[in-house]
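So the chains spell out like this:
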Amino acid sequence: MTSSTSTAGQPGTTSTESPGPSQVELLIGGMTCASCAARVEKKLNRIDGVSATVNFATEKARVTYPPGVQVEDLIATVVKTGYTAEEPPPPQPRTEATEAAASTKSPESAGATGAAPAADPELSALRQRLIVSALLAVPVVLLSMVPALQFDNWQWLALTLAAPVVVWGGLPFHRAALTNARHGAATMDTLVSVGTLAAFGWSLWALFLGDAGMPGMHDEFRLTVSRMNAASTIYLEVAAGVVAFILLGRYLEARSKRRAGAALRALLELGAKDVSVLRDGREVRVPVASLAVGDRFVVRPGEKIATDGTVVEGASAVDASMLTGESVPVDVGVGSPVTGATVNAGGRLVVEATRVGSDTQLARMAKLVEDAQNGKAQVQRLADRISAVFVPVVLLIALGTLLTWLLAGGDVTASFTAAVAVLIIACPCALGLATPTALMVGTGRGAQLGILIKGPEVLESTRRVDTVVLDKTGTVTTGRMTLQEVYAAEGTDEKQLLRIAGALEHASEHPVARAIAAGAEGRVGPLPAAEHFENVPGRGVRGRVEGHEVSVGRLFDEVPEDVARARREAETSGRTAVVVGWDGVARGVVAVADAVKETSAQAVRELRELGLRPVLLTGDNRAVAEAVAGEVGIDAADVIAEVLPEDKVDAVRRLQAEGRTVAMVGDGVNDAAALATADLGLAMGTGTDAAIEAGDLTLVRGDLRVAADAIRLSRRTLGTIKGNLVWAFGYNVAALPLAAAGLLNPMIAGAAMAFSSVFVVTNSLRLRTFR
């Protein structure tokens, strides 16, 4: 859990502004259904200035509260409502003492602190209660359903077996129902407790005061309500069977919820637990928590990189698949940025920490995923409102069913059976689990694939989007100048041209020069040294290479026609063309450009397959923009070029004014405003913090294909949520009239209710297979 508070106006600051609202996450205990979450949320929101969201699936409350309210007040409110709440522990500040103490721990103990618990004690206790109850309930159900097994006085054995199931097995339901009753509330536990105790109490009356305890009594199982002698009818199989079925449903639900949150837990546990820090030339093994910005640490082959940083020594390949989903290792060297939790797959590296703790990319990813899982979509808020009033309404329906049957036919047994069936089948658990479980699995799967969904509201936007605006530089293209073409005049060797041009440009820091030098070195090998290098501002560079007086750029008075033609063709294609010559003669042209990413054309095809119209947006000139658009498959009519950074917002608004629902994909500071303006903002995780903050979806990998994957996953998650809600609503709408009409045996009703929740969670878990 995390908490954050506003620092404005706190002691130690000079601000005179009034303090802003604070936010805290509380872990809520004791919730058993969606109506519990709705009650806690309602009570918290009644406090002046408090805005709370309680999520049943994650069992957390996210609360924003004003300066006059304390966290203790929030916890007290939850406790008064009948549940428990825990305040998150304060962060431990880094001090020399704590670092020294931490450094004395062994790596094994340091690593153990971050490991997941071997078993969930609550899940284990629930499993134990389920196993015992099932072992006792099965003979009761068989004896009651199969007349051939009913020996003399079998009903007393059934009572002996059923009593522990109802009392001990159903204790969590009875205890919760009693707690809720003391607070004047009713939840799913109320329905289960009242229904099973009523069935058990009726059986006790019939056995001890009626005719059901007589030797030779026989019973048989019926799917529907039927008229019988009330004094000789027992419902032990209903009481024991319903408790066992609902315990089974709750166990499967709890286990599925745990699996649904597994992706986030795995993400949080990805990071290294300890690290070899350089102290006075020595390597000291310390916990990662003690790292500070500026520390230098060693990463050996096969080790995880402890935190975000910059390589200051060594070269290697880094496997970032656990963060980005990209399986190909990335080469890094001195000056390369590296991300915490990625794996050093090659040589020894020395890294200088640039971000630690909650500032790292891993921590920010986990925070985004957790925020998304704690949020609520609009459809979920509707479901919560229904759940809040559903249980009291069901109690009234059950009472009405009892009275109606009594008035209509006067048969006490049938009336009672129908009323119990209504109580048991009507649990709104499936309704409360429909949205959060799908959201947990969808966002968790997205994190595994390098897709971070900021919140449930984003899902609705992905369904409506019909146009996707793609920023060119850094999104469709690499954002780096690279050597594209080389033209050598007649009588000039192409390799010699490239070798001499690269040697001279190697002495320059200009982006075009660096692209030519890097391209030349890659194609012809090591370059000779340049002498007497001179930069001519705005025109080019000149110097001496291998005895030749070399010029690169616009430094020639006359250019042969074939060289001039090659330059024009390169510029028409959107390249930056540079003339190269020596000894006073222009001998060829080298062309550089911001290269299109290899995957961009496929990404545009995938976006079109999703029904989206791609639009290219750039500040470059139209010739360059149309050349890039043609390369990736975007129509020239859908190119918006020569746009100033501040005008990108206007371009998005113009498209929206045309009636389009716009998604924007970008990576730079100049894209942040447009990302925020668009109906759906997709920020490339390789870009700036400003762009990531403004986006609704963050694509950790710098691959445009992930944008299509993100939209597909969001739509699939939204579809799963809607499917779950249709099932949950439909189930209750169909089942309640059947139960009230006497067409469902209470035990069948209990089984159906339990498995409706299991169905919803299992349906959500299918998102784990998204590719």
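Rules used in this analysis
Counting starts from 1 at the beginning of each chain's written sequence and moves along it residue by residue. Residue-level local features of this predicted model are given only where pLDDT is at least 70; pairs of side-chain atoms are given and counted only at 80 or more, and the full residue set underlies all totals for whole chains, interfaces and linings. To obtain the side-chain values, all non-hydrogen atoms of the structure were included, while hydrogens and water were left out. Elements are defined by DSSP. Helices are runs of H or I of four residues or more, strands are runs of E of two residues or more, and each kind is numbered from the N terminus. Contact criterion: two residues are considered in contact whenever any of their non-hydrogen atoms come within 4.5 Å of each other. Values of accessible area rely on a 1.4 Å probe in the Shrake-Rupley scheme; residue burial ignores everything except the protein chains shown. By this rule, a helix spans an expected 1.5 Å times one less than how many residues it contains. Buried residues are those whose accessible area, probed at 1.4 Å on protein chains only, stays under 20% of the maximum for their type, while exposed residues exceed 50% and partly exposed ones sit between those limits. Only when DSSP finds a minimum of two bridges between them are two strands counted as paired. Basic side-chain nitrogens of Lys or Arg form a salt bridge, by our definition, when they fall within 4 Å of a carboxyl oxygen of Asp or Glu. For helices, the fitted axis covers only the stretch in contact; all axes are lines through C-alpha atoms, and the angles between them, taken along N-to-C directions, range from 0 to 180 degrees. UniProt positions are given in the numbering used here, feature names are shortened, and annotations may be inferred rather than shown by experiment.

**Q** What am I meant to see in the overall build of the protein chain here?
**A** Each helix and strand in the protein chain was counted, giving 27 helices and 27 strands. Looking at the protein chain alone, contacts between residues at least 24 apart form 70% of all its contacts between residues at least 6 apart. Element-wise, carbon and sulfur atoms account for 56% of the exposed surface of the protein chain, whose accessible area totals about 33300 Å².

**Q** Is there a simple way to think about the environment of R608 in this case?
**A** With respect to the secondary-structure elements, R608 resides in helix α21 (residues 600–609). Sequence separation between R608 and A708 is 100 residues; the distance between their C-alpha atoms is 9.2 Å. Leaving out residues up to four positions away in the same chain, R608 has contacts with P614, G633, I634 and D635.

**Q** I keep staring at helix α18 (residues 494–505) and nothing clicks. Help me out?
**A** The periodicity of an α-helix, 3.6 residues per turn, causes residues three or four places apart in sequence to face the same way. Along its 12 residues, α18 runs 16 Å from first to last C-alpha, staying within 8% of the 16 Å computed at 1.5 Å per residue. By the burial criterion, the buried members of α18 are L497, L498, I500, A501, G502, A503, L504 and E505.

**Q** Would you explain the side chain of R129 in this entry?
**A** In this fold, R129 is placed in helix α5 (residues 121–145). A relative accessible area of 17% means that R129 is categorised as buried. Among all residues touching R129, those that are not within four sequence positions of it are W168, G169, L171, P172 and L247.

**Q** Help me understand the pairing of strand β25 (residues 662–666), please; the structure alone is not making it clear to me.
**A** Within a regular strand, side chains alternate between the sheet's two faces. β25 sits mainly inside the fold: 5 of its 5 residues count as buried. Residues V662, M664 and G666 point to one face of β25 and A663 and V665 to the other, with burial holding for every one of them. Alignment of strand β16 (residues 467–471) against β25, held across 4 bridges, turns out to be parallel. Across the sheet, the residue bridging to T467 is V662, located in β25. Pairing of β25 with strand β26 (residues 680–684) involves 4 bridges; the strand directions are parallel. Note that in β26 the partner of M664 across the bridge is G681.

**Q** Just to check I follow, could you spell out the pattern of salt bridges for this structure?
**A** Any two side chains of opposite charge can pair if their charged atoms end up close together. Scanning all chains against the criterion turns up 18 salt bridges. Residues E25 and R62 are paired through a salt bridge, measuring 1.8 Å at the closest nitrogen-oxygen approach. A residue pair is termed long-range when its members are at least 10 positions apart, and E25 in strand β2 (residues 22–29) and R62 in strand β4 (residues 60–65) qualify at 37 residues. Taking relative accessible area as the criterion, E25 reaches 1% and is therefore assigned buried. Its salt-bridge partner being R712, residue D709 comes within 2.9 Å of it at the nearest N-O pair. Here D709 pairs with R712, and both are found in helix α26 (residues 705–740), just 3 residues apart, close to one helical turn.

**Q** Just to check I follow, could you spell out the sheet that holds strand β17 (residues 477–488) for this structure?
**A** Sheet strands pair via backbone hydrogen bonds, and the direction of the pair is either parallel or antiparallel. Read from one edge to the other, the open sheet built from 6 strands follows the order β17-β22-β21-β20-β19-β18, with strand pairing classed as antiparallel. Only two strands of the sheet have a single partner each, and these edge strands are β17 and β18 (530–536). Shown here is a sheet whose adjacent strand axes are inclined to one another by a mean of 20°, direction ignored. For strand β21 (residues 576–582) and strand β22 (residues 585–596), the ladder comprises 7 bridges, and the chain directions are antiparallel. Pairing of V579 across the sheet is with V589, part of β22. Lying over the sheet, helix α20 (residues 561–572) contacts β17, β21 and β22, oriented at roughly 10° with respect to β22.

**Q** Before we go on, may I ask you to explain the UniProt feature "transmembrane region" (unreviewed entry) in the protein chain in this structure?
**A** Taking the numbering used here, the UniProt-annotated feature "transmembrane region" (unreviewed entry) corresponds to residues 130–150, 156–178, 190–210, 230–249, 386–408, 414–435, 724–741 and 747–765. Secondary structure content for residues 156–178 is 96% helix and 0% strand, while the C-alpha to C-alpha distance between its ends is 29 Å. In residues 190–210, the share of helix is 90% and the share of strand is 0%. The end C-alpha atoms are 28 Å apart.

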